[in-house]
Amino acid sequence: MLELRDEFLVKHMRGTSIELRNKQNTGWVQKGPDDLLRITYPTADVQRSLEAASAAAPGKPIVFLGQRGRGKSHIMALLHHAFESPEAVERWAREWGAKLQAPKLNKLKLQRGFRSISETMSNQEYANLWDLMFDRHPEGAYFKGKFESSGTNVPAKSLLQDMFTKQRTALILDEFQTWFDGLHDEAGATGPKRRQWAFNFIQSLSELATQRPDLFVFIVSVRDNTTDAFKQIHRDGPVLVDFKGETAKDDRKRLLLHRLFKNRDQFGNDYIERTVDVY
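All figures in this text were calculated on a predicted structure; none of them were measured in a lab.

A count of helices and strands for the protein gives 14 helices and 5 strands. Buried residues in the protein amount to 49% of all 279 residues. Total accessible area computed for the protein in this model is approximately 13900 Å², and 46% of it derives from carbon and sulfur atoms.

Right, here's the structure in full:
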């Protein structure tokens, strides 16, 4: 008999999707990596994402492109733990590498010494992106003071580099497009230009992710490629993980089957399809 995972019963039967962070401290980045790894299948998108964030990565922003419900948040939570708990994720990768005979998983080597700052931006917890970074970075209070005393509207790129030198950082922003497209510039010379400031700040982050990958990794998710936020990041040639790619449909099926059933490997596809077809 197919055995449903407890995680499925708790999360999916209530209609709750993967969430990076919330006020209830039940988001997938607020817990240890084991629960997430237990329901993660190493699809092509998962493997490509891990490779892009690995020690062998060339140093580029990483952009997840796809509509809601495609599994972007799941992989972003995995990357959070890849930076925070690299040993656990490498161990998971080796186990799957042996099972699937996948050399890239067997040889996965993740970076060390990074702090993950991960946020679901559609929660609208922060008016400015740098507020999030100053709030979560271990040296954030000091660099926030330096920024406020500088008199500039946007933190300088040099200040960010100094901050990331103190603590290497991976910035992981889910629902990035939803947040950015909701920003507006107020009329008048003295009104806050939140959209323009964010646009300029994104440029600095993208450049740092490209120029100093030893200090900073920048990862975002967007629904499509029409937003100005995506276009700004795209200038620096990001690694694009497109959830509409050739393998996306099959990968999504494998991921869902693994997430649903503890003993999925013990049953063939025909049996599983007959079981779930009624639903």
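This brings us to the pattern of salt bridges. The full count for this structure, using the stated rule, is 8 salt bridges. One salt bridge connects lysine 104 with glutamate 51, and the closest N-O pair in it is separated by 3.5 Å. Of this pair, lysine 104 sits in helix 6 (residues 103-106) while glutamate 51 sits in helix 3 (residues 44-52), and the two are 53 residues apart along the sequence. Note on lysine 104: relative accessible area 56%, which makes it exposed. Classification of glutamate 51 by relative accessible area gives partly exposed; the value is 40%.

Time to look at the side chain of histidine 80. If you trace the backbone, histidine 80 turns up in helix 4 (residues 72-84). With residues near it in sequence (within four places) discarded, histidine 80 still touches Val29, Ser116, Ser118 and Ile172.

Turning next to helix 9 (residues 157-166). Taken residue by residue, helix 9 has Leu159, Leu160, Met163 and Phe164 as its buried positions. The buried side chains of helix 9 occupy one side of the element, clustering within an arc of 130° when seen end-on. Exposed residues on helix 9 whose side chains face more than 90 degrees from its buried face are Ser158 and Thr165. Looking at the buried residues of helix 9, the elements they touch are helix 7 (129-136), helix 8 (140-150), strand 3 (169-174), helix 11 (194-211) and strand 4 (216-222).

Read across the sheet, 5 strands follow the order 2-3-4-1-5 without closing on themselves; strand pairing throughout is parallel. Each of the sheet's edge strands pairs with one partner strand only, and the pair in question is strand 2 (115-120) and strand 5 (239-242). With direction set aside, neighbouring strand axes in the sheet form an average angle of 10°. Pairing of strand 2 with strand 3, which is carried by 6 bridges, proceeds in the parallel orientation. Directly across from threonine 120, in strand 3, lies its bridge partner aspartate 174. Each of strand 1 (62-65) and strand 5 is contacted by helix 3, which is oriented at about 165° to strand 5, the strand it contacts most. Sitting on the sheet, helix 11 is in contact with strand 3 and strand 4, with an inclination near 125° to strand 4.

This brings us to the confidence of the model for the protein. Here the protein averages 85 in pLDDT, and 82% of its residues register 70 or above. A low-confidence stretch, residues 9-16 stays under pLDDT 50, and its non-local contacts, those more than four residues away or across chains, total 7 contacts.

Moving on: the pairing of strand 3. Within strand 3, 6 of the 6 residues are buried, leaving the element largely enclosed by the surrounding structure. By the alternation rule, side chains of strand 3 split into Thr169, Leu171 and Leu173 and Ala170, Ile172 and Asp174, which are all buried. By the bridge criterion, 5 bridges tie strand 3 to strand 4 in an arrangement that is parallel. Pairing of leucine 173 across the sheet is with valine 220, part of strand 4.

Parameters at a glance
- Residues numbered from 1 in each chain as written.
- Predicted model: local features only at pLDDT ≥ 70, side-chain atom pairs only at ≥ 80, totals over all residues.
- Heavy atoms only, no water.
- Helix = DSSP H or I, 4+ residues; strand = E, 2+ residues; numbered from the N terminus.
- Buried < 20%, exposed > 50% of the residue type's maximum accessible area, 1.4 Å probe, protein only.
- Areas by Shrake-Rupley, 256 points an atom, 1.4 Å probe, with all protein chains shown as cover.
- Salt bridge = Lys/Arg side-chain N within 4 Å of Asp/Glu carboxyl O.
- Contact = heavy atoms within 4.5 Å.
- Arc of directions from axis to C-beta.
- Pairing = 2+ DSSP bridges.
- Axes fitted to C-alpha atoms, helices over the stretch in contact; angles between N-to-C directions.
- pLDDT = per-residue confidence, 0-100.

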